[in-house]
Amino acid sequence: MITVREVPLEQWHEAVAAARTDGHCWFDSLDAFDDIGRRELIMVTVRLVRPDRPDDVALLRTGVPRDAAAALPSIGDLFAGALWCEREVAELFGVEVSGPDRRRLLLPEGVQAPLRKDHVLAARTVSSWPGAKEPGESEAAPSRRRMVPPGVPDPQVWGDRADAGAPDPAEVAASVAGGRVRRRR
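Since the structure is predicted, the reported quantities are computational estimates derived from the model, not experimental observations.

What counts, and where the lines are drawn
Residues numbered from 1 in each chain as written. Predicted model: local features only at pLDDT ≥ 70, side-chain atom pairs only at ≥ 80, totals over all residues. Heavy atoms only, no water. Helix = DSSP H or I, 4+ residues; strand = E, 2+ residues; numbered from the N terminus. Buried < 20%, exposed > 50% of the residue type's maximum accessible area, 1.4 Å probe, protein only. Contact = heavy atoms within 4.5 Å. Areas by Shrake-Rupley, 256 points an atom, 1.4 Å probe, with all protein chains shown as cover. Phe/Tyr/Trp six-rings, centres within 6.5 Å; stacked < 30°, edge-to-face > 60°. Lys NZ or Arg CZ within 6 Å of the ring centre and 35° of its normal. Pairing = 2+ DSSP bridges. Polar contact = N/O pair within 3.5 Å; in protein donor to acceptor, adjacent residues only side chain to side chain. Core = buried A, V, L, I, M, F, W, Y, C linked by side-chain atoms within 4.5 Å. Axes fitted to C-alpha atoms, helices over the stretch in contact; angles between N-to-C directions.

Peer 1: Describe the overall build of the protein chain, listing the residues and the values that go with them.
Peer 2: Per the secondary structure count, the protein chain includes four helices and six strands. Reading the helices (α) and strands (β) of the protein chain from amino to carboxyl end gives β-α-β-β-β-α-α-β-α-β. Looking at the protein chain residue by residue over its 185 residues, the buried ones come to 36%. Contacts spanning at least 24 positions in sequence make up 56% of the contacts within the protein chain whose residues lie at least 6 apart. Summed over all atoms, the accessible surface of the protein chain reaches about 11,000 Å², with 53% contributed by carbon and sulfur.

Given below as structure tokens:
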């Protein structure tokens, strides 16, 4: 039985401690996902298991604001294995964690939050994208419209734009699915 509970950010540490007291004392994972479009939050989920009943799982979920106005309280004092996962979430999603260890794990300095949906995969914009539909197709047919690779937003949304204003993060996130370039008329 999986129990999913949404927890306010301010009560994150207390809710995880309560789940541990209730018998969910095996830390399984701590993950995050970008919920842009629905909510302007990075959702963080912890999965805890009861050792005497492995099918009894507690999933606790909280939302952290995208603008780093609030920090995720660390649960490293409850589960030592969570410290690594918290560092990973902090690095890959740009979530501020109030943990003791803030060293980077995977990425070099300067690379910021590559798993956020509004983060543009700029390396893909440099190389040409053939728009191939089948394995072995190397170039798009002349009749096909220009394709953009997954992870690169529509040029109308990101890049050299006439209005030169900051793009709306939700609009960028919606356009990074790849596929045909959408033209505005």
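Peer 1: So what's going on with the packing of aromatic side chains? Which residues, and what values?
Peer 2: Summed over the entire model, instances satisfying the criterion amount to one aromatic pair. Directly above the aromatic system of Phe79 lies the positively charged group of Arg20, at a separation of 5.0 Å from the ring centroid.

Peer 1: Let's hear about the pairing of strand E4 (residues 57-65): which residues, and what values?
Peer 2: For E4, a buried count of seven out of nine residues is recorded, marking the element as mostly surrounded by other parts of the structure. Alignment of strand E1 (residues 2-6) against E4, held across five bridges, turns out to be parallel. Note on E4: the bridge partner recorded for Glu6 is Arg61. Bridge analysis of strand E3 (residues 41-49) against E4 gives nine bridges, and the strand direction is antiparallel. Paired with Leu41 across the strands is Pro65, a residue of E4.

Peer 1: A description of the environment of Ala90 should follow, citing residues and the corresponding values.
Peer 2: Tracing the backbone through its elements, the reader meets Ala90 in helix H2 (residues 82-93). On the basis of relative accessibility, which here comes to 27%, the residue Ala90 falls in the partly exposed class. C-alpha separation for the pair Ala90 and Arg103, spaced 13 residues apart in sequence, amounts to 10.0 Å. If we ignore the near neighbours within four places in the chain, the residues touching Ala90 are Val95 and Val97.

Peer 1: Go over the side chain of Arg116, please, and point to the residues and values.
Peer 2: With respect to the helices and strands, Arg116 occurs in the loop between H2 and helix H3 (122-126). From its side chain, Arg116 meets the backbone oxygen of Arg66 in a polar contact 3.1 Å long. Look past the residues within four positions of Arg116 in its chain and what remains in contact with it is Asp34, Ile42, Arg66, Leu92, Phe93 and Gly94.

Peer 1: Can you explain the nonpolar core? Please cite residues and give values.
Peer 2: Judged by nonpolar contacts, the single largest core of 25 residues is most densely connected at Trp12 and Val16. Of all elements in the fold, only helix H1 (12-21), strand E2 (26-34), E3, E4 and H2 reach the threshold of two or more residues within this core. Residues in contact with Trp12, not counting those within four places in the same chain, are Val7, Leu30, Val44, Thr45, Val46, Leu60, Arg61, Thr62, Leu72, Pro73 and Ile75.

Peer 1: Kindly report on the sheet that holds E3, identifying the contributing residues and their values.
Peer 2: One open sheet accounts for four strands, arranged E1-E4-E3-E2; its pairing is mixed. The open sheet has two edge strands with one neighbour each: E1 and E2. Between one strand axis and the next, the sheet turns through 20 degrees on average, direction left out of account. Contacts from H2 reach E2 and E3 within the one sheet, and its direction differs from that of E2 by about 5 degrees.

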